[in-house]
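Each chain, letter by letter, is given below.
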Amino acid sequence: MAIDAGREHLTDISNASRTLLYNIHDQCWDDELLALFNIPAAMLPRVTLSSGVCAEVMMDGACAPIAGIAGDQQAALFGQACYRSGLAKNTYGTGCFLLRHTGEAPVASTHQLIATIAWQCSNRETQYALEGSVFIGGAVVQWLRDGLKIIRRAADIETLAQKAPDNGGVFFVPAFAGLGAPYWDAYARGAIVGLTRGTQDAHIARAALEAIALQSADVLDAMNRDVGEALTELRVDGGAATNNTLMQIQADLLGVPVVRPQNQETTALGAAQLAGLAVGYWRDTEMLEMRWKVDRVFEPAFSTDRREAVRSQWQRAVERAKAWAE
């Protein structure tokens, strides 16, 4: 079982060595934390492999092995064939959940990210990842639909955003529940800045899509700084990944290709693949990698100057949203 380091941290987040009672370095329940919270070790479950038979169940007289266990985002990373250090994925749902494979050793983040176990297979060393979560991703589209009512269906956001060639100077920081990684500001609140008499609903719609991409880009930049190596591509999945305009915006604001696979149900796929490896249905990850197929690649179109200008303005907007609530 791959124990996720979690989104809540009990020690310094820049270290993240021991989180949620599990020591990801020594790969065992942490004696110091158990003593601190007065939790007997005997109460905790046995930790097993992400890809390995850990139990069996009887179904209609037949025995079925339970062989694939992983957290949802770790499963998605596996399902995206991010088997090598440096590969990263972003799942676009209500929030955005980014993981970057860091290899056989955890990376102690100095940029407010979380080091986590990615998976452990019986024939490989434990693999680690950096993780960062954006609180409000697709939820900002839901708010435009249900709150402002400028669209009738979530899918309408793409058509509306395409009516504006750019954001018209409007930036939308959807900090409805504070800001997640890499800011971790519980007192931030939503803000729309740069409004003028010329602002139209299309500008706000485009700014909302850009906000999803810009928040994700902030997390990915933090990952780049932590590992000291720039991202070369981003693999994407989740409901909002079907939005071509959003994916193009993401590529433009990252400056690297955004790759969408044919099968976007990567969480379920990854869990199934971990189980299949454990029982010998697939021989190794090389076989799985050959099965991973690309639907579309979104190439960045922004110049460096344009990308940096947009991201600089975004940072100004974020600063206005931070620490707003008392």
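Please refer to the structure placed before this passage.
Not measured: the values here are computed from a predicted model. (Residues numbered from 1 in each chain as written. Predicted model: local features only at pLDDT ≥ 70, side-chain atom pairs only at ≥ 80, totals over all residues. Heavy atoms only, no water.)

K.L.:
Looking at this structure, I do not really get the overall build of the protein chain. What am I missing?
P.N.:
Each helix and strand counted, the protein chain has nine helices and 14 strands in total. Radius of gyration (C-alpha) of the protein chain: 21 Å, near the 20 Å computed for a compact globule of 326 residues. With respect to the three principal axes, the spread of C-alpha positions in the protein chain is 65 × 45 × 40 Å. Taken across its 326 residues, the protein chain has 51% of its residues classed as buried. When contacts within the protein chain are restricted to residue pairs at least 6 apart in sequence, long-range pairs at least 24 apart make up 69% of them. Carbon and sulfur atoms make up 51% of the accessible area of the protein chain, which amounts to about 15100 Å² in all. Between the mean site of the 28 positive side-chain charges and the mean site of the 37 negative ones, the protein chain shows a separation of 8 Å. (Helix = DSSP H or I, 4+ residues; strand = E, 2+ residues; numbered from the N terminus. Rg over C-alpha atoms; globule rule 2.2 N^0.38 Å. Buried < 20%, exposed > 50% of the residue type's maximum accessible area, 1.4 Å probe, protein only. Contact = heavy atoms within 4.5 Å. Areas by Shrake-Rupley, 256 points an atom, 1.4 Å probe, with all protein chains shown as cover. Lys, Arg positive; Asp, Glu negative; His and termini not counted. Charge placed at Lys NZ, Arg CZ, Asp CG, Glu CD.)

K.L.:
Would you take a moment to explain the side chain of N224 for this structure?
P.N.:
Note on placement: N224 falls in helix α5 (residues 201–227). With a relative accessible area of 18%, N224 lands in the buried category. Aside from chain neighbours lying at most four places away, what touches N224 is R100, E229, A230 and L231.

K.L.:
Please clarify how a nonpolar patch on the surface should be interpreted in this entry.
P.N.:
Nonpolar side chains collect at one region of the surface, where V53, V279 and Y281 lie side by side and expose about 330 Å² of accessible area between them. In this fold, V53 is placed in strand β4 (residues 51–59). (Patch = residues over 30% accessible without salt bridge, like charges linked within 9 Å, V, L, I, M, F, W, Y side chains within 5 Å. Salt bridge = Lys/Arg side-chain N within 4 Å of Asp/Glu carboxyl O.)

K.L.:
Looking at this structure, I do not really get the packing of helix α2 (residues 72–79) against helix α7 (residues 266–278). What am I missing?
P.N.:
For the pair α2 and α7, the least separation of the axes is 7 Å and the interaxial angle reads 75°. When the interaxial angle is binned, α2 and α7 end up roughly perpendicular. Here D72, A75, A76, F78 and G79 of α2 lie close against α7, whose contacting residues are T266, T267, L269, G270, A271, Q273, L274 and L277. (Axes fitted to C-alpha atoms, helices over the stretch in contact; angles between N-to-C directions. Parallel < 35°, antiparallel > 145°, perpendicular 65-115°, else oblique.)

K.L.:
Sorry if this is basic, but what is going on with the packing of aromatic side chains here?
P.N.:
The way to describe two aromatic rings as a pair is by their centre distance and the angle between their planes. Here the structure, examined in full by the defined rule, presents nine aromatic pairs. With a centroid separation of 4.8 Å and an interplanar angle of 90°, the aromatic rings of F78 and W119 are classed as edge-to-face. Placement of F78 in helix α2 and of W119 in strand β8 (residues 114–119) is noted, with a sequence separation of 41 residues between them. Note on F78: relative accessible area 0%, which makes it buried. Since its relative accessible area comes to 1%, W119 is described here as buried. Members of the aromatic cluster, each reached through a chain of ring pairs, are F78, Y83 and W119. The lysine or arginine in question, R235, covers the ring of W292, its NZ or CZ lying 4.0 Å from the ring centre. (Phe/Tyr/Trp six-rings, centres within 6.5 Å; stacked < 30°, edge-to-face > 60°. Lys NZ or Arg CZ within 6 Å of the ring centre and 35° of its normal.)

All quantities given are derived from atomic positions and should not be read as evidence of function.
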